[in-house]
Amino acid sequence: MSAFDLDGNVAIVTGGAGGIGGATARLLLERGAQIVIADIAEEKAQALARELDSEGSQVAALRFDLSDEASIQSMIAAAVQRFGRIDILVNNAALLSGEIQQVDRDVETMPTWAWDAVYTANCRGTMIMTREAIPHLCKTRGVIVNVVSSLAFQGHFMQLAYTTSKAALIQLTRSVAASHSRRGVRCNAVAPGMTLTPIVEAHFPLDMRKVLEDETLRDQLGRPEEIAEVICFLASDAARNITGEIVAADSGFTSHFPAMSRLAAVVGAPG
Ligand SMILES: NC(=O)c1ccc[n+]([C@@H]2O[C@H](COP(=O)([O-])OP(=O)(O)OC[C@H]3O[C@@H](n4cnc5c(N)ncnc54)[C@H](O)[C@@H]3O)[C@@H](O)[C@H]2O)c1
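Summary of the structure given here. In this text the structure is predicted, and so the values were computed from the model without any measurement.

Criteria and thresholds
Residues numbered from 1 in each chain as written. Predicted model: local features only at pLDDT ≥ 70, side-chain atom pairs only at ≥ 80, totals over all residues. Heavy atoms only, no water. Helix = DSSP H or I, 4+ residues; strand = E, 2+ residues; numbered from the N terminus. Rg over C-alpha atoms; globule rule 2.2 N^0.38 Å. Buried < 20%, exposed > 50% of the residue type's maximum accessible area, 1.4 Å probe, protein only. Contact = heavy atoms within 4.5 Å. Lys, Arg positive; Asp, Glu negative; His and termini not counted. Charge placed at Lys NZ, Arg CZ, Asp CG, Glu CD. Polar contact = N/O pair within 3.5 Å; in protein donor to acceptor, adjacent residues only side chain to side chain. Near = heavy atom within 4 Å. Areas by Shrake-Rupley, 256 points an atom, 1.4 Å probe, with all protein chains shown as cover. Salt bridge = Lys/Arg side-chain N within 4 Å of Asp/Glu carboxyl O. Pairing = 2+ DSSP bridges. Core = buried A, V, L, I, M, F, W, Y, C linked by side-chain atoms within 4.5 Å. Axes fitted to C-alpha atoms, helices over the stretch in contact; angles between N-to-C directions.

### A look at the overall build of the protein chain
Right, on to step 1. Helix and strand content of the protein chain: 10 helices and seven strands.
Right, on to step 2. Against the compact-globule benchmark of 18 Å for 271 residues, the protein chain has a radius of gyration of 19 Å, which places it among compact chains.
Right, on to step 3. Projected onto its principal axes, the C-alpha coordinates of the protein chain cover approximately 60 × 45 × 40 Å.
Right, on to step 4. Taking all 271 residues of the protein chain together, the buried fraction comes to 48%.
Right, on to step 5. Within the protein chain, counting contacts between residues at least 6 apart in sequence, those at least 24 apart form 73% of the total.
Right, on to step 6. Averaging the coordinates of the 23 positive side-chain charges in the protein chain and doing the same for the 31 negative ones gives two points 6 Å apart.

### Overview of the side chain of serine 251
Right, on to step 1. Relative to the assigned elements, serine 251 resides in the loop between strand E7 (246-249) and helix H10 (260-267).
Right, on to step 2. By relative accessible area, serine 251 is classed as buried at 15%.
Right, on to step 3. Within polar-contact distance, the side chain of serine 251 engages the backbone oxygen of glutamine 220 at 2.8 Å.
Right, on to step 4. Those residues in contact with serine 251 that sit more than four places away from it in its chain are Thr216, Leu217, Arg218, Gln220, Leu221 and Gly222.

### Quick word on the site of the ligand
Right, on to step 1. Residues in close proximity to the ligand total 26 residues, the closest being Asp39, Asn92, Tyr162, Lys166 and Thr195.
Right, on to step 2. A distance of 3.2 Å separates an oxygen atom of the ligand from a polar backbone atom of glycine 18.
Right, on to step 3. Look at the ligand: alone it shows 830 Å² of surface, and the protein chains cover 89% of it.
Right, on to step 4. Elements with a minimum of two residues in the shell around the ligand: helix H1 (19-30) and helix H6 (160-180).

### What about the pattern of salt bridges?
A side chain with one charge may pair with a side chain of the opposite charge, provided their charged atoms come close.
Right, on to step 1. Enumeration over the complete set of coordinates arrives at 11 salt bridges.
Right, on to step 2. Between glutamate 51 and arginine 26 there is a salt bridge; the shortest N-O distance is 3.0 Å. Here arginine 26 lies in helix H1 and glutamate 51 lies in helix H2 (residues 42-52), a separation of 25 residues in the sequence.
Right, on to step 3. For arginine 26, a relative accessible area of 35% translates into the label partly exposed.

### Side note on the pairing of strand E1 (residues 10-14)
Right, on to step 1. Across the five residues of E1, five count as buried, placing the element largely inside the fold.
Right, on to step 2. Across the two faces of E1 the burial is the same, with Val10, Ile12 and Thr14 and Ala11 and Val13 all buried.
Right, on to step 3. Examined bridge by bridge, E1 and strand E2 (residues 34-39) share five bridges and lie parallel to one another. Note on E2: the bridge partner recorded for alanine 11 is isoleucine 35.

### Side note on the pairing of strand E5 (residues 143-147)
Right, on to step 1. Across the five residues that make up E5, a large majority, five, are buried.
Right, on to step 2. Strand direction decides the pairing type here: strand E4 (residues 88-91) and E5, joined by four bridges, are parallel. Note that in E5 the partner of isoleucine 88 across the bridge is valine 143.
Right, on to step 3. Across five bridges, E5 lies against strand E6 (residues 186-192) in parallel orientation. From the neighbouring strand, valine 145 faces E6, where its bridge partner is asparagine 188.

### Details of the nonpolar core
Right, on to step 1. Counting 36 residues, the largest nonpolar core has Ile12, Met75, Ile76, Met129 and Ile144 as the members making the most contacts within it.
Right, on to step 2. Mapped by element, the contributors of at least two residues to this core are E1, E2, strand E3 (59-63), helix H3 (69-83), helix H5 (112-140), H6 and E6.
Right, on to step 3. When neighbours within four sequence positions are excluded, isoleucine 76 is seen to be in contact with Ile86, Met129, Glu132, Ala133 and His136.
Right, on to step 4. Ranked by size, the runner-up nonpolar core spans 32 residues in total, among them Leu6, Ala11, Leu52 and Val145.

### Considerations on the environment of lysine 210
Right, on to step 1. Within the element layout of this structure, lysine 210 appears in helix H8 (residues 206-214).
Right, on to step 2. The sequence separation of lysine 210 and glutamine 220 amounts to 10 residues, and the corresponding C-alpha distance is 8.8 Å.

### Some points on the environment of alanine 168
Right, on to step 1. In this fold, alanine 168 is placed in helix H6.
Right, on to step 2. Separated by 45 residues in sequence, alanine 168 and cysteine 123 place their C-alpha atoms 6.9 Å apart.

### Brief notes about the sheet that holds E6
Right, on to step 1. Strand order in the open sheet formed by seven strands is E3-E2-E1-E4-E5-E6-E7, and the pairing between neighbours is parallel. Edge positions in the open sheet fall to E3 and E7, since each of these has one partner strand only. Each neighbouring strand pair of the sheet contributes to a mean axis angle of 20 degrees, computed without reference to strand direction.
Right, on to step 2. With respect to the sheet, H3 is in contact with E1, E2 and E3, its orientation differing from that of E3 by roughly 160 degrees.

Below, the structure is given as structure tokens:
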């Protein structure tokens, strides 16, 4: 057995019916874990569970709403009842609805209802998920992986609520690591850059995609499977010396100074 294997582990993936969450559920299963696909999109979650595990012995689909405390509590209780333990919590779900994205721009125009909705799901919900799961994780000496965003590292003229909520989750990651690593629970985060999930592939305009690709260091955007690889690594014993860290998985988007590609063009340098 390698340190990357997850045999015998039980993992909850919130937003597990989506692009990054679905790829993560698939890879966790391949590495040997039993999976709870926890999502508000009940039918999508059930369809993925059937696709991954037609017998239903390794994968369960559970509906829950990250914005609803009671719903989080009953989902966790149902997961423990089903598989008996929790070893891995992937806090991946986030409020990404089109309605919110249309109004989540800068501070001058921010509707209070949109701010509250994003913070209720992303910050309050992820804190409650973590609080409710942590007694179970303490018993198993388990792991938390939060999915944040590389947009939380830099200022942007839009997505104020989304990016600041993800920045709060970076601090949640470090604080939970500080309070619980000595009790056996590691807590880390992955910060994806723009990742070509099915929704991004379908709706993100190609010309805007090209602008972002040109600012990466490997000249391509990430794939959900690549984020899943980082999550599974952080969840595994291979990452036992890592806690309280934020791992950017963004094709190098945030690792260099912003004007680099334009400057390279001016001086005729590669890149
Ligand atoms: N795709 C990207 O470019 C990108 C970049 C950086 C960070 N991220 C982060 O990655 C994570 C996954 O995003 P994705 O791109 O796979 O999006 P996605 O829309 O494919 O997946 C999100 C999932 O969360 C679920 N969800 C939404 N609201 C919920 C709620 N209230 N309760 C429970 N489940 C809920 C959705 O049903 C969906 O299945 C998010 O945290 C997102 O912020 C994505």
